[in-house]
Amino acid sequence: MNAEAGAFVGRAYVLARRERGETDLSVALLLEDGSIRWTTARAGARSTRRFGASLSPFTRYRIRFARSGSGGRSERIDEAAVERAFSGVLADLRRMGAAGALSALARDLGGEVADDDGLFQFYDQAIERIDVGDGLVAGREIVAFVVVTFAHAGHEIVRDRCVRCGRPAAPERSVTYSADASGVRCARCGGGPFVVRALERAALEAVIDGDATAFAPWMLRWAAYMIEPNARRGAECISSAISYWK
């Protein structure tokens, strides 16, 4: 974001919004510096001239903050212009469900990620792909977003070896995952409750590498299970969206 005479100008996504009274809104923004911030939009529920598209989710904005309150500690959105609308996201339930899952996960991880623009870039690129993709692409983006954002936040999901002892997990073998251990846990270390067979492992890695045609709904169950200890809101949102792929 760029400072301009006590204000801030930059790009942002609305991840969540709450009505305050009859006209005001509180919105959770994912800013282009990768941070999450709750701000107020006065008359945001009505003023489409100052707040394009009424501060709708799945829309990239160019926003301007103004400081207010004692010592300028509070911030409100002074104006928000639509930079890009993603109408394709709203075209079917799978794409909308995927975008909603990404938003929930970004809110969960927003306070933990490194101090850079990584989270914004991951989200921005994923929304663009969902917007022009199909249901398989939407499902693939959830899985890939989980893997890349958790690694970025310091919660890497270990897939090629036992988290506890470091024993390699040969590609031709089934593995068990433990959410509490953040990855594979071998039988010697107690195993884990989520089993992924060899062929499923290959498909999962293909999806993470960008092959949407390898996506299968069970991968969403895996993703929700793996992130639940650290991102409960995101896990619940992914679990709710699974039915769209059945």
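Only a predicted model underlies this, so the values are computations on that prediction, with no experimental measurement involved.

A word on the overall build of the protein chain. Regarding its fold elements, the protein chain presents 6 helices and 9 strands. Residue pairs in contact within the protein chain that sit at least 24 positions apart in sequence constitute 58% of those at least 6 positions apart. A total of about 11500 Å² of accessible surface is found on the protein chain, and carbon and sulfur atoms cover 45% of it.

Another point: helix H2 (residues 118-132). For H2, spanning 15 residues, the distance from its first C-alpha to its last is 22 Å, which sits close to the expected 21 Å at 1.5 Å a residue. Where H2 is concerned, the buried positions are Gly118, Leu119, Phe120, Tyr123, Asp124, Ala126, Ile127, Ile130 and Asp131.

With that out of the way, let us pick up the pattern of salt bridges. The final tally for this structure, using the stated rule, is 14 salt bridges. With a shortest N-O distance of 2.8 Å, glutamate 83 and arginine 60 are connected by a salt bridge. With glutamate 83 in strand S6 (residues 74-85) and arginine 60 in strand S5 (residues 59-68), this residue pair connects regions lying 23 residues apart in the sequence. Across the pair glutamate 205 and arginine 159 runs a salt bridge, and its minimum N-O distance is 2.7 Å. One end of the pair, glutamate 205, is in helix H4 (residues 198-208); the other, arginine 159, is in the loop between helix H3 (135-152) and strand S7 (175-178), with 46 residues separating them in the sequence. Within this structure, Arg60, Glu83, Arg84, Asp124, Glu128 and Asp131 form a network of salt bridges that share partners.

This part covers H3. Taking 1.5 Å of rise per residue, the 18 residues of H3 would be expected to cover 26 Å, and the 26 Å separating its terminal C-alpha atoms lies within 8% of that figure. With 14 of 18 residues buried, H3 lies mostly within the body of the structure. Regarding H3, its N-cap is aspartate 134, as a side-chain oxygen of that residue lies 3.1 Å from the backbone nitrogen of leucine 136 further along. Just past H3, the residue glycine 154 takes up positive phi, approximately 90 degrees.

Looking now at the pairing of strand S3 (residues 24-31). Most of S3 is tucked away: 7 of the 8 residues are buried. Across 6 bridges, S3 lies against strand S4 (residues 36-41) in antiparallel orientation. Within the sheet, the bridge partner assigned to leucine 25 lies in S4 and is alanine 41. Counting the residues that bridge the hairpin from S3 to S4 gives 4 residues, and of these glycine 34 lies at a positive phi of roughly 90 degrees.

Looking now at the packing of aromatic side chains. Under the defined criterion, the tally for this structure stands at 7 aromatic pairs. Here tyrosine 13 and phenylalanine 120 contribute two aromatic rings whose centre-to-centre distance is 5.7 Å and whose plane-to-plane angle is 45 degrees, an arrangement assigned as tilted. Of this pair, tyrosine 13 sits in strand S2 (residues 7-20) while phenylalanine 120 is found in helix H2, placing the two residues 107 residues apart along the sequence. Using a relative accessible area of 0% as the deciding quantity, one classes tyrosine 13 as buried. Ring geometry for tyrosine 13 versus tyrosine 123: centroids 4.9 Å apart, planes at 65 degrees, classification edge-to-face. With tyrosine 13 in strand S2 and tyrosine 123 in helix H2, this pair connects stretches of sequence that are 110 residues apart.

So, about a nonpolar patch on the surface. Together, Leu90, Leu93, Met96 and Tyr244 make up a nonpolar patch on the protein surface, roughly 370 Å² of accessible area in all. Within the secondary structure, tyrosine 244 is located in the segment after helix H6 (232-241).

Read from one edge to the other, the open sheet built from 3 strands follows the order S8-S7-S9, with strand pairing classed as antiparallel. Only two strands of the sheet have a single partner each, and these edge strands are strand S8 (183-184) and strand S9 (194-196). Strand direction decides the pairing type here: S7 and S9, joined by 3 bridges, are antiparallel. Residue pairing across strands places tyrosine 177 opposite phenylalanine 194, the latter belonging to S9. Against the sheet, H4 touches S7 and S9, its axis set at about 85 degrees to S9. Sheet strands touched by helix H5 (residues 218-227): S7, S8 and S9. Its angle to S9, the strand with the most contacts, is close to 140 degrees.

Before going further, it helps to spend a moment on the nonpolar core. Counting 54 residues, the largest nonpolar core has Tyr123, Val143, Tyr177, Trp222 and Ile238 as its most contacted members. Counting residues per element, this core draws most heavily on H5, at 8 residues. Beyond its immediate chain neighbours, meaning those up to four positions away, tyrosine 123 contacts Tyr13, Leu15, Leu30, Phe58, Ala99, Leu102, Ser103, Ala106 and Phe145. Ala12, Leu29, Leu55 and Tyr61 belong to the second largest nonpolar core, which has 14 residues in total.

Basis of the calculations
Residues numbered from 1 in each chain as written. Predicted model: local features only at pLDDT ≥ 70, side-chain atom pairs only at ≥ 80, totals over all residues. Heavy atoms only, no water. Helix = DSSP H or I, 4+ residues; strand = E, 2+ residues; numbered from the N terminus. Contact = heavy atoms within 4.5 Å. Areas by Shrake-Rupley, 256 points an atom, 1.4 Å probe, with all protein chains shown as cover. Expected span 1.5 Å × (residues − 1). Buried < 20%, exposed > 50% of the residue type's maximum accessible area, 1.4 Å probe, protein only. Salt bridge = Lys/Arg side-chain N within 4 Å of Asp/Glu carboxyl O. Polar contact = N/O pair within 3.5 Å; in protein donor to acceptor, adjacent residues only side chain to side chain. Pairing = 2+ DSSP bridges. Phe/Tyr/Trp six-rings, centres within 6.5 Å; stacked < 30°, edge-to-face > 60°. Patch = residues over 30% accessible without salt bridge, like charges linked within 9 Å, V, L, I, M, F, W, Y side chains within 5 Å. Axes fitted to C-alpha atoms, helices over the stretch in contact; angles between N-to-C directions. Core = buried A, V, L, I, M, F, W, Y, C linked by side-chain atoms within 4.5 Å.

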